[in-house]
Amino acid sequence: MKLLSKFFLATLLLTVASVSWAACPEGQKQTYKGCEIDLDVLDQTDITQLGPAPRNDPVPNGVMYRGVTKEQWDTIAKIGDPLNCRERVRQFQQITEGTFLTEKDCANDLYCIQDALRDSDVVILGGGTYKIGDVLRVYSKTLMGRDGESVTIDASGAKIAVILDKGTLANVNIQHAKDAGVKFGSSALAYRVVVGNTGVNDPATHGGHGFKQEGYTENCLVSVEAYNGYNESGLSAVQAQGGNADGYSMKHGTNNVTFIDTHAHHNSDDGFDFWKGGGISPSPTIRIFYSSSNYNGKHPSRNNGDGNGFKFGSKNKYQAPRKDKGTRLIYGSAACNNKAHGFDRNGTPRKIIAVGCNSLGNGKNNFQEVSCASVKDPHALKCSMFTERP
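Before going into details, it helps to say that this report is about the structure given with it. Just so you know, these numbers come straight off a predicted model, no measurement behind them.

## Focus on the layout of surface pockets
Which parts of space are left empty comes out when a probe the size of a water molecule is rolled across the atoms.
1) Next: A volume near 610 Å³ is recorded for the largest pocket.
2) Next: Lining the largest pocket we find 28 residues, and of these Gln239, Gly243, Asn244, Lys251 and Asp273 sit closest to its centre.
3) Next: Put simply, the parts of the chain that give the lining of the largest pocket at least two residues each are strand 13 (209-214) and strand 15 (248-251).
4) Next: The wall of the second largest pocket is formed by 22 residues, among which Pro60, Tyr65, Gly148, Glu149 and Asn171 lie closest to the centre.
5) Next: Listing elements by their share of the lining of the second largest pocket, those giving two or more residues are strand 10 (168-175) and strand 12 (189-196).
6) Next: A breakdown of the residues in the lining of the second largest pocket according to their chemical character gives 11 nonpolar, 6 polar and 5 charged.

Next comes the structure, spelled out in structure tokens:
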């Protein structure tokens, strides 16, 4: 798509105030106006060429995600939406037909949903609770809860609740998976998905992750939430008893992924962990917009690990020859009241572009070797928007 001029983009959106002509924060450069975002590393889009934004339907009661407004979608496009998550969500919202299942249909059948996925491209679940006996494989398919209805997947009988590859998972609440709520392949969309209490009831789990990805690419996570993850077991004493259960475990080569309105809270380890993540790219390989990571390392009923909000990677000396790759971008996001750090570099040598961040009340540093530029955006998240809710 046609690119806006750098001057016009900087004027329109990303002019950042600077208190002096001192060195600018990472990912910014000095201009006559002060510190401004280095547009050369962004994948900017001409929003006049975009179609309509997705609907911002009312959010269900009790969820942490907030929904995405047209103004937010436009801001994301200006900064860079190379996967066109906007259009993926809009296309999903056009789906009205498929194989419809009710709670009664699946009452005595743990494999009811998987059988339907084998025979249909779209499976729609009516309101209720669906117990599964094994992983749901959503490969080039759509599995969704019916709009306006509360759909819970009881995954207590499954190590992994859903493997999502080149498909869409939407409008569901996944509870009590043993190891991971959603595991990603590539080119998938998770939209309005809540994952809670992963690993809590399984003493053998080493994971306890809400969302997990390793070595895959081109996924959009929009309006999702991961909370109360826990792992009892681990490969080391550091990892055991809560030291590995991240809300979003996006590690070991996870790259070209976009997070929009994604939230993690009360997981026993970190909210977001990008250890050895990323890929070689001229523009940011990990992009986070309007997201939050709060109260991690403060599981309400289990032991805890480090408890960082956003952990952006790792030092090269660990697990060599694996290394972090590519630039990380985080915009309009908050990290609040975590046990350890809020925004944590964790020694990664990769560039971190941070704009419009808010971080308060963390047990160690709110910003651990991460510099965040200010921006005038009324939709940027603040710690005051979130209260403790285990």
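## Remarks on empty space enclosed by the protein
1) Next: One pass over the full model with this rule turns up 2 cavities of 30 Å³ or more.
2) Next: Looking at the second largest cavity, its volume works out to about 30 Å³.
3) Next: Lining of the second largest cavity is provided by Pro54, Arg55, Asn56, Gly67, Val68, Trp73, Tyr191, Arg192 and Ser223.
4) Next: Its residues assigned to classes, the lining of the second largest cavity shows 4 nonpolar, 3 polar and 2 charged.

## Digging into the pairing of strand 10
1) Next: Across the 8 residues of strand 10, 7 count as buried, placing the element largely inside the fold.
2) Next: Bridge analysis of strand 7 (residues 142-145) against strand 10 gives 3 bridges, and the strand direction is parallel. Pairing of threonine 142 across the sheet is with threonine 168, part of strand 10.
3) Next: For strand 10 and strand 12, the ladder comprises 7 bridges, and the chain directions are parallel. Residue pairing for strand 12: glutamine 175 is matched across the bridge by glycine 196.

## Let's talk about the state of the cysteines
1) Next: Counting across every chain of the model gives 4 disulfides.
2) Next: In this model, cysteine 106 is linked to cysteine 112 through a disulfide, with the two sulfur atoms separated by 2.1 Å. Torsion about the S-S bond of the cysteine 106 and cysteine 112 cystine: about -45°, corresponding to left-handed handedness. For the pair formed by cysteine 106 and cysteine 112, the shared burial category is buried.
3) Next: Each disulfide pairs two cysteine sulfurs, and for cysteine 357 the partner residue is cysteine 372, the sulfurs being separated by 2.5 Å. In this structure, the disulfide formed by cysteine 357 and cysteine 372 twists by about 90° around the S-S bond and is classed as right-handed. One end of the pair, cysteine 357, is in the loop between strand 24 (352-355) and strand 25 (358-360); the other, cysteine 372, is in strand 27 (residues 372-373), and 15 residues separate them in sequence.
4) Next: Judged by its relative accessible area of 25%, cysteine 372 falls in the partly exposed class.

## Considerations on the environment of isoleucine 132
1) Next: Mapped onto the fold, isoleucine 132 is located in the loop between strand 5 (128-131) and strand 6 (136-139).
2) Next: Considered as a pair, isoleucine 132 and alanine 158 are 26 residues apart in the sequence and their alpha carbons are 6.9 Å apart.

## Some points on the sheet that holds strand 13
1) Next: Spatially, 6-9-11-13-15-17-20-23-26 is the arrangement adopted by the 9 strands of the open sheet, whose pairing is parallel. The open sheet has two free edges, formed respectively by strand 6 and strand 26 (367-368), since each of these has just one partner strand.
2) Next: In terms of strand pairing, strand 17 (residues 272-273) meets strand 20 (residues 310-311) through 2 bridges, oriented parallel. When the sheet's bridge partners are listed, phenylalanine 272 is paired in strand 20 with phenylalanine 310.

What counts and what doesn't
Residues numbered from 1 in each chain as written. Predicted model: local features only at pLDDT ≥ 70, side-chain atom pairs only at ≥ 80, totals over all residues. Heavy atoms only, no water. 1 Å grid on protein atoms, 1.4 Å probe; cavity = no way out; pocket = protein on both sides within 12 Å on 5 of 7 lines; lining within 4 Å. Points joined across faces, edges and corners; volume = space filled by probe spheres on them. Helix = DSSP H or I, 4+ residues; strand = E, 2+ residues; numbered from the N terminus. Nonpolar A, V, L, I, M, F, W, Y, C, P; charged D, E, K, R; others polar. Buried < 20%, exposed > 50% of the residue type's maximum accessible area, 1.4 Å probe, protein only. Pairing = 2+ DSSP bridges. Disulfide = S-S within 2.5 Å.

Distances and angles like these do not, on their own, reveal function.
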